[in-house]
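Residue-level structural notes
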Amino acid sequence: ELKVEQNPLFLSMQEGKNYTIYCNYSTTSDRLYWYRQDPGKSLESLFVLLSNGAVKQEGRLMASLDTKARLSTLHITAAVHDLSATYFCAVDRTSYDKVIFGPGTSLSVIP
Amino acid sequence: KAGVTQTPRYLIKTRGQQVTLSCSPISGHRSVSWYQQTPGQGLQFLFEYFSETQRNKGNFPGRFSGRQFSNSRSEMNVSTLELGDSALYLCASSDPKHDGNSPLHFGNGTRLTVT
């Protein structure tokens, strides 16, 4: 059964600092996703990573994928308060399979 | 394009009742997935429908069911409600393509409270 883990589950960081969220998954998978959820809101897609070594960047967020290690990272550069949210990674084994979500990382950026 | 629309936004029901939630996907999206989100269990996959057929199913009891119509709109039904069914129910649509570069697009959810 496909399982997805995230580390850390809670993260409090100061503005201007860098940090990385880790996502591990248990079986070979076609795609890895990163989503953001603001309190009381729905999920917003950030990145879709398809292949080993894939790297995508949007603003202060950069996601990468290592399929051999079954590991994805979400790196936050020079954090700002607006990045405070819960970040989920998710995986599906094939494009015809269900998408399984990790437990989420609750990020709080403190001024 | 209009986003994924879920109705109603909020529901309060009593134990033992049943409830139906509705989801209209993004135009052209044929896949609709349903998730249950709770503080304790996180995002749990319920089921996925593609072209009116249930393609994948999560580990939920038979009280949870769904269907998809020919216009891709989907409904999910929960019968004999229990207190533990209180949750945010999220619907997501996607447009599976051969390049696979299509994320799930989520609606705003239906907040179900069972008393």
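Residues numbered from 1 in each chain as written. Chains lettered and ligands numbered in written order. Predicted model: local features only at pLDDT ≥ 70, side-chain atom pairs only at ≥ 80, totals over all residues. Heavy atoms only, no water.

**Quick notes on the environment of leucine 90 of chain B**
Residue position: leucine 90 of chain B is located in strand β9 (residues 87–94). Owing to a relative accessible area of 0%, leucine 90 of chain B belongs among the buried residues under this scheme. Here the alpha-carbon distance between leucine 90 of chain B and methionine 76 of chain B, two residues 14 residues apart in the chain, equals 11 Å. Each residue touching leucine 90 of chain B, except ones within four places of it in the same chain, is listed here: Ser42 and Leu43 of chain A together with Gln6, Ser33, Trp34, Tyr35, Gln37, Leu43, Phe106, Gly107, Asn108 and Gly109 of chain B. (Helix = DSSP H or I, 4+ residues; strand = E, 2+ residues; numbered from the N terminus. Buried < 20%, exposed > 50% of the residue type's maximum accessible area, 1.4 Å probe, protein only. Contact = heavy atoms within 4.5 Å.)

**A closer look at the sheet that holds strand β8 (residues 74–78) of chain B**
All names here are of chain B. Pairing within the open sheet is antiparallel, and its four strands lie in the order β1-β3-β8-β7. The strands lining the two open edges of the sheet, one partner per strand, are β1 (5–7) and β7 (64–68). When strand polarity is set aside, the average angle formed by the axes of neighbouring strands in this sheet is 15°. Judged from the five bridges that link them, β7 and β8 form a sheet pairing that is antiparallel. (Pairing = 2+ DSSP bridges. Axes fitted to C-alpha atoms, helices over the stretch in contact; angles between N-to-C directions.)

**A look at the state of the cysteines**
Within this structure, the stated rule accounts for two disulfides over all chains. Across the disulfide from cysteine 23 of chain A sits cysteine 89 of chain A; the S-S distance is 2.0 Å. Around the S-S axis, the bridge from cysteine 23 of chain A to cysteine 89 of chain A shows a dihedral of about 80° and counts as right-handed. Taken together, the positions of cysteine 23 of chain A in strand β3 (residues 19–25) and cysteine 89 of chain A in strand β9 (residues 85–92) put the pair 66 residues apart, joining distant regions of the chain. You'll find cysteine 23 of chain A and cysteine 89 of chain A in the same group, each marked buried. The disulfide that involves cysteine 23 of chain B links it to cysteine 91 of chain B, with 1.8 Å between the sulfurs. The disulfide joining cysteine 23 of chain B to cysteine 91 of chain B has a torsion of about -55° about its S-S bond and is therefore left-handed. In this pair, cysteine 23 of chain B is assigned in strand β3 (residues 19–24) and cysteine 91 of chain B in strand β9, connecting sequence segments 68 residues apart. (Disulfide = S-S within 2.5 Å.)

**As for the interface of chain B and chain A**
Tallying the contact residues gives 20 residues for chain B and 19 residues for chain A. When chain B packs against chain A, the two sides together hide about 1600 Å² of surface, and 53% of this comes from carbon and sulfur. Across the chain B-chain A interface, the total number found is four residue pairs in polar contact (both at pLDDT 80 or more). Broken down by secondary-structure element, the contributors of at least two residues to the side of chain B that touches chain A are β4 (31–38), β5 (42–50), β6 (53–57) and β9 of chain B. A class-by-class count of the residues in the side of chain B that touches chain A yields eight nonpolar, eight polar and four charged. (Buried area = accessible area lost by both parts, 1.4 Å probe. Polar contact = N/O pair within 3.5 Å; in protein donor to acceptor, adjacent residues only side chain to side chain. Nonpolar A, V, L, I, M, F, W, Y, C, P; charged D, E, K, R; others polar.)

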